[in-house]
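Inside the fold
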Amino acid sequence: MKIFTAQQIREADAYTIRQTPISSLDLMEKAAIACTAWICRHYSEYTPVYVYCGLGNNGGDGLAITRLLRNRGYDAHAYVLHHSSKASADHTANRNALQQQYPSAIHDIPENGLLPQPDAQALIVDAILGTGLSRPVEGWTAAVIGQLNDLKAAHEVVAIDIPSGLQADASSLNTTVIRADHTLSFEFYKLAFLLPENATFVGDICILPIDLSPDYIAQTPSRFHITDALQIKNIYRPRKPFSHKGTFGHALLIAGSEGKMGAAVLSAKACLRTGVGLLSCHIPGCGYDIIQISSPGAMCFIDEQKDHSSSFHTHIPNAEAAAKYKTIGIGPGLGTAAGTCWAFEKLLEHFHQPMVIDADALNILGSSPAMLDKIPPGSLLTPHPKEFERLFGKTANDVERLELLSANAVKRKLNILLKGRYTAMAFPDGSIWFNTTGNPGMATGGSGDVLTGILTSLLAQGYTPREAMLMGVWLHGLSGDHAAAERSEEAMIAEDIVEFLGKSFLELRRRLSC
Ligand SMILES: NC(=O)C1=CN([C@@H]2O[C@H](COP(=O)(O)OP(=O)(O)OC[C@H]3O[C@@H](n4cnc5c(N)ncnc54)[C@H](OP(=O)(O)O)[C@@H]3O)[C@@H](O)[C@H]2O)[C@@H](O)CC1
Ligand SMILES: Nc1ncnc2c1ncn2[C@@H]1O[C@H](COP(=O)(O)OP(=O)(O)O)[C@@H](O)[C@H]1O
Ligand SMILES: [K+]
């Protein structure tokens, strides 16, 4: 699914009005019908509704929602805030429609006027400012938003299209923005919804289709995207009847150190459960029994060191030997001992196929930036925000961080993801894809190690690095969702993500047969 900028959304709107029989007012009505239906599904007709409307089309939506809620028996009132000198045409048309049917439902609040004190249990609907925001809010408008935010402890807030004050495509850090519990947005996610710094503004997101022109959507290029099930279904390749273990690649996993063998176990299990043909693990001496007992499907090399690994480079003594392994996954629980750093550098001398680099392997790169230049093009780097910062440096806000992520993916021809609620995946072509599967139950030690195993497995099986990243991150989140559904977000642990990989694959297969 594409993510459009506010400007592109305006163009989609205009294109739809030009190319189809639908008028701009009809489109607003569709949007308002969808929002009203959502509100009616979630709040009883005894809920008083206070709709705060601006003077643009976002306010027009609010006025139409007030009328439609009244039609459904709700005690809804529109408070029109005079933050500007003139109202938009569709705002005025909807004001007139509300005035005609329910004159007592409209309340004008002049600039610097006071807001009403909402009844107990009232729902607040924010239709003050939408994608037409042209500057950060300040003065009276900021004060109004501040007052509404102060009511949040006692009232739920539903934002229409986007929380007022939030910029769709730029950082809104240190500006005044509505703090919504739910955001009902039209047709597309906005980039701002996916940034961690906006989590407290956006709340839960619901995307409501309003039938904007499919032609415009298909023809218009976008740099930002959301991965969806259909796309993953197209990437997924079911196994052929005559395939054998050689068909699905041999992966080498370099992981674990004393006290952190669990990370190696989780990665190895995930790699096996994702379908790799053969898996060899290189681990320190202390981990032999642990890996052999926990993951009997994996083969095992033991390092000469007991507590860390320092000789894994010997598996790839020259370019010919590299061909034995389709890919290498390195990093989970590895540690950053001097011998490990040295062996990693030596490994990169002869291994030039795309590999998966995570955790301590990223930390090693962070403290030795020249090594970054030696990472094979096409490799997958999987930092969480702290590892990202160690690798590429600090940024002032989340939008700048996305740019830094993308710039490195392009410059270094790497596939780099940034983990989070909506993991961002940056590709060498400059595009950025966000993943929506997953849940806070995955915020538990070892979840990332599982992802490394999944990605390593998919690369070994011959998926391209881009396919492996898109599909692996999606599967990882979906398996986390299955684990949470069955075992709760609290009780689920990283191993559960591995256990539910099977259910996720079955779901992919089912979708394939639909
Ligand atoms: N596209 C779609 O798919 C559909 C879009 N629809 C809806 O249209 C919305 C976009 O409407 P829009 O373009 O009229 O802009 P909107 O957000 O109401 O703001 C403009 C007003 O705000 C003002 N203003 C701006 N910044 C300000 C500030 N910082 N502080 C104070 N004032 C500020 C500006 O006034 P001025 O700049 O002149 O002072 C003007 O009065 C969109 O979000 C969605 O809800 C649906 O109805 C149908 C389908
Ligand atoms: N709130 C969340 N919603 C969705 N996914 C999450 C959430 N919290 C964590 N995750 C996922 O869990 C994984 C955690 O990775 P990481 O921090 O590297 O864990 P560890 O180092 O303990 O293995 C990431 O893939 C991340 O996207
Ligand atoms: K709004």
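Procedures and definitions
- Residues numbered from 1 in each chain as written.
- Chains lettered and ligands numbered in written order.
- Predicted model: local features only at pLDDT ≥ 70, side-chain atom pairs only at ≥ 80, totals over all residues.
- Pairing = 2+ DSSP bridges.
- Helix = DSSP H or I, 4+ residues; strand = E, 2+ residues; numbered from the N terminus.
- Contact = placed C-beta atoms within 7 Å.
- Axes fitted to C-alpha atoms, helices over the stretch in contact; angles between N-to-C directions.
- Left-handed = near helix turned anticlockwise from the far one by under 90°.
- Nonpolar A, V, L, I, M, F, W, Y, C, P; charged D, E, K, R; others polar.
- UniProt positions renumbered as here; feature names shortened; annotations may be inferred.
- Near = placed C-beta within 6 Å.

Here we take up the sheet that holds strand 15 (residues 380-381). Here we have eleven strands laid out as an open sheet, ordered 1-9-18-17-16-15-14-13-10-11-12, and mixed in their pairing. In the strand order of this sheet, the two ends are held by strand 1 (2-3) and strand 12 (299-302), each with one partner. Sheet topology places strand 10 (residues 250-254) next to strand 13 (residues 327-330); four bridges connect them, and they run parallel. In the strand pairing of strand 13, leucine 252 is matched with isoleucine 328. Helix 9 (residues 261-273) rests against strand 10, strand 11 (278-283) and strand 13 of the sheet, and its axis sits at about 170° to strand 11.

Right, let's talk about the packing of helix 9 against helix 16 (residues 447-460) for a bit. Look at helix 9 against helix 16: their axes get within 7 Å of each other, and the N-to-C directions meet at 40°. Relative to helix 16, the crossing made by helix 9 is right-handed. Facing Ala263, Leu266, Ser267, Ala268, Lys269, Ala270 and Cys271 of helix 9, the residues of helix 16 in contact are Asp449, Val450, Thr452, Gly453, Ile454, Thr456 and Ser457. By residue class, the composition of the contact of helix 9 with helix 16 is seven nonpolar, five polar and two charged.

This chain's UniProt record puts "domain: YjeF N-terminal" (unreviewed entry) on residues 9-218. From the first C-alpha to the last, residues 9-218 spans 13 Å; its make-up is 38% helix and 16% strand.

Our focus in this paragraph is the site of ligand 2. As a structural note, the neighbourhood of ligand 2 is formed by 19 residues, with Gly438, Met442, Ala443, Ser447 and Gly448 the closest of them. Elements supplying a minimum of two residues to the shell around ligand 2: helix 16 and helix 17 (465-487). Looking at the shell around ligand 2 element by element, the count peaks at four residues for helix 16. Tallied by class, the residues present in the shell around ligand 2 amount to five nonpolar, eleven polar and three charged.

On to the site of ligand 1, then. Around ligand 1, the surrounding shell holds 31 residues, and the nearest of these are Gly56, Asn57, Asn58, Gly130 and Gly132. Of all the secondary-structure elements, those providing two or more residues to the shell around ligand 1 are helix 1 (6-19), helix 2 (24-42) and helix 3 (57-71). Considering every element that reaches the shell around ligand 1, the biggest residue donor is helix 3, with five residues. For the shell around ligand 1, the residue count by class is twelve nonpolar, 14 polar and five charged.

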